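Topology and contacts: notes
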Amino acid sequence: MIVYTLKRLLAGVITVWFIATATFIAMHQVPGDPLLNDKAVSAEIRKNLERRYGLDKPITHQYLIFLRNMLPPNPDFGISFTQQNRRVNDIIKDHFPVSAILGLLAIFFSAAGGVLFGALTAIYRNRLPDIVIMFLVILGISVPSFVFAALGQLLLVNVNSLMGYSLIPVAGWGSFTHMLMPSLVLGLGTMALLTRLMRTSMLDVVNEDYIKTARAKGLSPQRIFFKHQLRNAILPVITVLGPQIAVITTGGFIVELVFAIPGLGRYFVQAVQQLDYTVIMGTTVFYGAFLVFMVIVVDILYGFIDPRVRVQ
Amino acid sequence: MSENILEVTDLSVEFTTYGGTVKAVRDVSFNVERGKTLAIVGESGCGKSVTVQSIMGLTPTPPGKITSGSAKLNGREILGLPTREANQFRGVEIGMIFQDPMTSLNPTMTIGDQIAETLMVHRGKSRRDAFNQAVELLARTHIPEATKRAKQYPFEFSGGMLQRAMIAQSLACGPAILIADEPTTALDVTIQAQILEIMLELQRTENMSIILITHDLAVVARIADNVAVMYAGEIIESGSVDDIFYQSAHPYTVGLRSAMPSNTGDRDKQLLPIAGSPPDLFSPPKGCGYYARCPYAMEACHESAPDPYTLTEGHIARCWLHHDDAPPTDVIHRVTR
Ligand SMILES: Nc1ncnc2c1ncn2[C@@H]1O[C@H](COP(=O)(O)OP(=O)(O)OP(=O)(O)O)[C@@H](O)[C@H]1O
Ligand code: SF4
Ligand SMILES: [Mg+2]
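Report on the accompanying structure. Keep in mind that this is a model prediction, so the values were computed, not measured.

Details of the layout of surface pockets
In this structure, the largest pocket occupies an estimated 1400 Å³ of space. Contributing elements (two or more residues each) for the lining of the largest pocket: α4 (88-123), α7 (176-206), α8 (209-216) and α9 (221-258) of chain A together with α1 (48-55) and α2 (83-86) of chain B. Looking at the lining of the largest pocket, the element that brings in the most residues is α9(A), giving four residues. Looking at the lining of the largest pocket residue by residue, the classes come out as 22 nonpolar, ten polar and six charged. Put simply, the second largest pocket is a space of about 730 Å³. Phe30(B), Asn31(B), Ser238(B), Gly314(B) and Ile316(B) are the residues nearest the centre of the second largest pocket, which is lined by 32 residues in total. When residues of the lining of the second largest pocket are traced back to their parent elements, those giving at least two are β1 (4-17), β2 (20-33), β9 (226-231), β10 (234-240) and β12 (315-318) of chain B. In terms of residue class, the lining of the second largest pocket is made up of twelve nonpolar, ten polar and ten charged.

Structural notes on the pairing of strand β6 (residues 94-97) of chain B
All names here are of chain B. Residues Ile94 and Met96 of β6 are buried on one face, and the alternating residues Gly95 and Ile97, pointing to the opposite face, are buried as well. Direction of pairing for β6 relative to strand β7 (residues 177-181): parallel, over a ladder of four bridges. Looking across to β7, one finds that Ile97 is bridged to Ala180.

Thoughts on the side chain of Gln203(B)
Residue and element names in this part refer to chain B. Inspection of the secondary structure assignment puts Gln203 in helix α7 (residues 189-206). In this structure Gln203 comes out as buried when scored by relative accessible area, which is 8%. A distance of 3.4 Å separates the side chain of Gln203 from the backbone oxygen of Lys36, its partner in a polar contact. Apart from residues lying up to four places away in sequence, Gln203 is in contact with Gly35, Lys36, Thr37, Met208, Ser209 and Ile210.

Side note on the pattern of salt bridges
The full count for this structure, using the stated rule, is 16 salt bridges over all chains. Residue Glu117(B) is joined to Lys217(A) by a salt bridge in which the shortest nitrogen-to-oxygen separation is 3.0 Å. Highlighted residues: Glu117(B) in helix α3 (residues 111-123) and Lys217(A) in the loop between α8 and α9, drawn from two different chains. For the pair Glu117(B) and Lys217(A), one class covers both residues: buried. In this structure, Glu206(B) and Arg140(B) form a salt bridge, with 2.7 Å as the shortest nitrogen-oxygen distance. Remark: Arg140(B) occurs in helix α4 (residues 127-140) and Glu206(B) occurs in helix α7; sequence separation between them is 66 residues. For Glu206(B), a relative accessible area of 29% puts it in the partly exposed group. Overlapping salt bridges, with partners in common, bring together Lys217(A), Arg223(A) and Glu117(B) in one network.

Concerning the sheet that holds β6(B)
All names here are of chain B. Read across the sheet, eight strands follow the order β6-β7-β8-β3-β9-β10-β12-β11 without closing on themselves; strand pairing throughout is mixed. One side of each edge strand has no neighbouring strand; the edge strands of this open sheet are β6 and β11 (308-312). On average, each strand axis in the sheet is inclined to that of its neighbour by 20°, with strand direction left out of account. Bridge count between β9 and β10: six bridges; the pairing is antiparallel. When the sheet's bridge partners are listed, Asn226 is paired in β10 with Ser240.

Observations concerning the site of ligand 1
All names here are of chain B. Residues in contact with ligand 1 amount to 13 residues; listed here are only the nearest, Ser44, Gly45, Lys48, Ser49 and Val50. Between Ser44 and ligand 1, the recorded distance is 2.4 Å, taken from a side-chain N or O atom to an oxygen atom. Separating an oxygen atom of ligand 1 from a backbone N or O atom of Cys46 is a distance of 3.3 Å. Here ligand 1 loses 68% of its free accessible area of 640 Å² to cover by the protein chains. Those elements that place two or more of their residues in the shell around ligand 1 are β1 and α1.

Rules and cut-offs
Residues numbered from 1 in each chain as written. Chains lettered and ligands numbered in written order. Predicted model: local features only at pLDDT ≥ 70, side-chain atom pairs only at ≥ 80, totals over all residues. Heavy atoms only, no water. 1 Å grid on protein atoms, 1.4 Å probe; cavity = no way out; pocket = protein on both sides within 12 Å on 5 of 7 lines; lining within 4 Å. Points joined across faces, edges and corners; volume = space filled by probe spheres on them. Helix = DSSP H or I, 4+ residues; strand = E, 2+ residues; numbered from the N terminus. Nonpolar A, V, L, I, M, F, W, Y, C, P; charged D, E, K, R; others polar. Buried < 20%, exposed > 50% of the residue type's maximum accessible area, 1.4 Å probe, protein only. Pairing = 2+ DSSP bridges. Polar contact = N/O pair within 3.5 Å; in protein donor to acceptor, adjacent residues only side chain to side chain. Contact = heavy atoms within 4.5 Å. Salt bridge = Lys/Arg side-chain N within 4 Å of Asp/Glu carboxyl O. Axes fitted to C-alpha atoms, helices over the stretch in contact; angles between N-to-C directions. Near = heavy atom within 4 Å. Areas by Shrake-Rupley, 256 points an atom, 1.4 Å probe, with all protein chains shown as cover.

Below is the structure:
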């Protein structure tokens, strides 16, 4: 298990290095000079910046500076080009927690909902609950999240006007009620996908020989369901959870914009629009590292549930 | 005479499928004596598994349906009980093991926990007590280093070891009957012998009855006391192992024996496969099920199904050749009149 974890971590570091390199190359292909903006900088500042990032040196040198600045334990992503006196590190530190909470809640909703609804459809196979849920699943998978975001807001507006006061805020950030709708909207697509997966997985497990053994042992249906069926059926769901975290994170950019949430995703989109080089590079590398880390966490979690992975 | 611990009478089971109704088991009757082994033999698809699974309440309903019959365990009816009541004898009075030990245990639960589970559920033991007893049970099936093994998962076991663990699990509550549905088919030959040896040993020490389903007549000859031969959903002959082997009273039994290799006698003796295939269970013939393949078939066999004839006490065969009007024959053992 320890060797396995170390191997995964090493592979993760290499992946992050790839992401960083790709970002660096991509940024150099973007036309335009970061220092020749509408707000032109003075020659003095220009000199300073050129020295700091080695902009007057060959590209390989710039690349090395870029890598060295990012090295743990104290990566320095530099200073924003468009926001005065703001370090990219601070932008991440201030706004990432918001995105992380939103994302984690979304993952939680989608995993809990996926397992629950998937199990329900399997229990009520081919009966009304199954048919209704599976219809919703198709909607959830095929409708893009900004549509759900708009619908969600519309729903809240209606609920609030019905109540006569603001029961659940339509947008913004601050309290737990603020988080409910955006995280639900964000997790919906993944929830639909997981529901479908869980259903198939449950139906596969029901026909396994060990379920027959469990019945021959005289166990109650409830015990068989929880102790033998569920745990085995969840395994395939967990494998896709890692990649789905990436889906949810990128989906977060849109949801943060629609719900006016001060998350990192919003700053990322802004930075791209304004060609804020340091912010783009910093957040991209940071997001990349975060996603790689999450996938590793999910893999390790999988190891705890599936002994076959753990012991090898 | 020894007492019957399980009496099955006229058990019939059907499956409703898109293609029609499969009459998988028809009017099957047999008894299991205390401490004895009953072997059920017959070719693939003849209804052996469905028979025992119906008794255990394991056939899926629907599509399955028990259309008639009774099964009395110590005089108590156990056929078609609701789950809650069935769970009072399943795993307690009757234990069961299956053909493929590799897939018959939960892959994400330790062997020890799976055995302990039975004891916790049926005997109300604490997890710790149950686990300790699970270790003892594993040791009784001669699994080396049982303490360590109990903490392992099925994928860390070999097939033979898993089948031992399955046996240990089914023994947990000291059942009166162990049902073994082809317990050695998926294992290689040397392991097969070991598993059978363990079953026999436990049968002696626990005075347990065994219902053994198998294709292997050599195994039957070695460990069975009584035999039921199934064909196309029916028991066509049943009796003591000597009756079946030395006084076969049904052409199908005779055919099975000639298809069986033996290491005594003539080495050059040809094995004779039985030509043809069993009848369609969607619409079983109105006459004898073996008619199409039977070398001794007569007109009457096609017309109506043969009655069961009792040759000697406990030796029964369903074949018209035992009828008074049937022509004399020396291929099968006849009713002595
Ligand atoms: N769930 C089911 N649905 C439909 N038909 C079934 C079902 N289970 C069993 N059958 C039918 O019942 C018949 C008997 O099956 P069974 O499994 O008892 O055979 P068997 O004697 O155990 O064979 P084998 O030696 O291959 O294990 C088969 O013809 C099979 O098609
Ligand atoms: S009843 Fe007729 S067909 Fe059936 S086994 Fe006997 S002789 Fe053969
Ligand atoms: Mg079978």
